Amino acid sequence: MLDLVFGYSQKWRFQFNTAKSKVVVFRRGSKLAKNDVFFMGLDELDIVDSIKYLGVDFQSNLSWKSTKDRLAKKARARLAIVRKAMMEGISLEAAENLWSTLIRPVLEFGGEVWGAGAWQAAEQIQREVGSKLLGMSSHAADEAVRGDAGWWSMRARRDFARLRFWHKIVNLPEDRLLKRVYNVFKATLKPDHSSWIFATRKILENLNLGHVWRSEETGSAKEWGALVRTCLHANEVLAWKAGMQKKSKLRLYRSLKMDLRREEYLALPLEQRSGIAGMRSGTNSLRVETGRWRGEALENRICMLCGTGAVEDETHFLISCDIYSELRHQMYSQIEEATGLRFQVRQGDSQWILNASLGGGIGDKSTRAVIHGVVARFIRAALKQRRKLLSFFNQLNREEREKELDSTFLLVGRGGEADDS
Ligand SMILES: [Zn+2]
């Protein structure tokens, strides 16, 4: 083969730069044989483990690791742009645009080709950006971040791109080289996870589209895109719901959130959506969460402020804790004034209140926007009051403890004197 190429170059009187020409021997595991040497004319060519071509690293062991590592590093380097823009008060839409035009494409470069299967680093980067955008803590669960932003996993996005690419291949004229190669590999397909065609078939089968794999009756590109999108979305929702069930901090979230769809409260300014996001996702400073970090039993994570012995969870904080009754009363009156809805009389129905204030909400879009805004202000004010009271109590406790220490010291001192006498 190389001799043919060399002959061609002689015929047309040009020279290959043999110093820049490399050989990659694609193989699985086994070492290169000593007699594996390649000549271009009289020059021996270097054998390398990987070569970058069209922005993708082709590794001799058929792994895409080095491509992925390089892309993740490049995407990470760009995260600072989003962070800086967020600090400067950029809108959510603009920040999301930065993500989808500047960072995400880096992680998806050539993903149709190398992207089958899980890739945690990409999911992690998406989660970091999402939690920043939503104003959630960096500890927020992936399901809560993607759920409220209405985002698919990065894996599903790569699958989508791959299946569109597959549509292109199977609809090529039969004499095109790519189509001919595809047909040969399809006819001789063996179960092999590093095979592009095998992985593509698996993805189609998982989406219950195995019959299209065989028939290749895909319809137009538009129809195919719509079909794949629907199937992938259904799969994503299932996986997302299953993931939610496993996480205890998503206790409230599970009852509020049914659909992988962008939430309306995200239209609020950052400091407001952050409060709502924190309550919804269970990633907040309430004891039900901080106690979990410290390993306290759930029933021991009680509210330190009201003395009722109730567990300090989101429901207690928003609906029942007496410490915030004045703020809560204000919140309810503001809502009633603006929307005519009377939350006060539904006080006993906590699921209704939670859903109306943090969940899908009630009424029309503008009503929900008003309620979200008022609730977000309540959360901010109540959390502030809570911090103040807690630090006050901590201070008291500390003084108390110090007094106790003093008196023990005194007792010990007197005891000693008594012994002496
Ligand atoms: Zn309380």
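Residues numbered from 1 in each chain as written. Predicted model: local features only at pLDDT ≥ 70, side-chain atom pairs only at ≥ 80, totals over all residues.

Regarding the overall build of the chain
- For the chain, the helix and strand inventory stands at 18 helices and six strands.
- Against the globule reference of 22 Å for 421 residues, the chain gives a C-alpha radius of gyration of 31 Å, more extended than a compact globule.
- In terms of overall dimensions, the chain has C-alpha extents of about 110 × 75 × 40 Å along its principal axes.
- Counting over 421 residues, the chain shows a buried share of 28%.
- Considering only contacts in the chain between residues 6 or more positions apart, those separated by 24 or more positions represent 64%. (Helix = DSSP H or I, 4+ residues; strand = E, 2+ residues; numbered from the N terminus. Rg over C-alpha atoms; globule rule 2.2 N^0.38 Å. Buried ≥ 20, exposed ≤ 12 C-beta atoms within 10 Å, placed from the backbone. Contact = placed C-beta atoms within 7 Å.)

Remarks on helix 13 (residues 270–281)
- Between its first and last C-alpha atoms helix 13 spans 16 Å; for twelve residues at 1.5 Å apiece the expected length is 16 Å, and the two agree.
- Looking one or two places after helix 13, you find G282, whose phi comes out positive at around 75°. (Expected span 1.5 Å × (residues − 1).)

Focus: the domain arrangement of the chain
- Entries for the chain in the domain assignment read domain 1 (2–48) and domain 2 (285–407).
- Computed from C-alpha coordinates alone, the two centres of domain 1 and domain 2 are separated by 71 Å. (Domains from an automatic or database assignment.)

A look at helix 14 (residues 287–294)
- Among the residues of helix 14, those classed as buried are R287, V288 and E289.
- Two residues or fewer after helix 14 comes G295, characterised by a positive phi angle close to 80°.

Some points on the pairing of strand 5 (residues 50–53)
- Judged from the four bridges that link them, strand 5 and strand 6 (residues 56–59) form a sheet pairing that is antiparallel. Of the residues in strand 6, the one forming a bridge with K52 is D57.
- In sequence, strand 5 turns back onto strand 6 through a hairpin of two residues, with L54 there showing a positive phi of about 55°. (Pairing = 2+ DSSP bridges.)

A short note on the packing of helix 7 (residues 154–170) against helix 11 (residues 221–245)
- Viewed as axis vectors pointing N to C, helix 7 and helix 11 meet at an angle of 155°, and their least axial separation amounts to 10 Å. It follows that helix 7 is roughly antiparallel to helix 11 by the angle criterion. In the crossing of helix 7 with helix 11, the sense of the turn from one axis to the other is right-handed. In this structure, helix 7 uses A156, D159, F160, L163, R164 and H167 to contact helix 11, whose residues at the interface are A221, W224, G225, V228, R229, L232 and E236.
- Classifying every residue of the contact of helix 7 with helix 11 gives seven nonpolar, two polar and four charged. (Axes fitted to C-alpha atoms, helices over the stretch in contact; angles between N-to-C directions. Parallel < 35°, antiparallel > 145°, perpendicular 65-115°, else oblique. Left-handed = near helix turned anticlockwise from the far one by under 90°. Nonpolar A, V, L, I, M, F, W, Y, C, P; charged D, E, K, R; others polar.)

Things to note about the nonpolar core
- If you look at the biggest cluster of nonpolar residues, it comprises 51 residues, and the most contacted ones within it are L134, A144, I276, V375 and I379.
- The element best represented in this core is helix 18 (residues 365–420), accounting for seven residues.
- Setting aside its immediate chain neighbours within four residues, A144 contacts M136, L250, Y253, R280 and S281.
- Residues F160, L163, L204 and V212 belong to the second largest nonpolar core, which totals nine residues. (Core = buried A, V, L, I, M, F, W, Y, C linked by C-beta atoms within 7 Å.)

Some thoughts on the environment of H167
- Structurally, H167 is set in helix 7.
- Classification of H167 as buried rests on a count of 20 C-beta atoms within 10 Å.
- Sequence separation of H167 and G219 is 52 residues, and the distance between their C-alpha atoms is 9.0 Å.
- In this structure, H167 is in contact with T218, A221 and W224, ignoring residues within four places of it in sequence.

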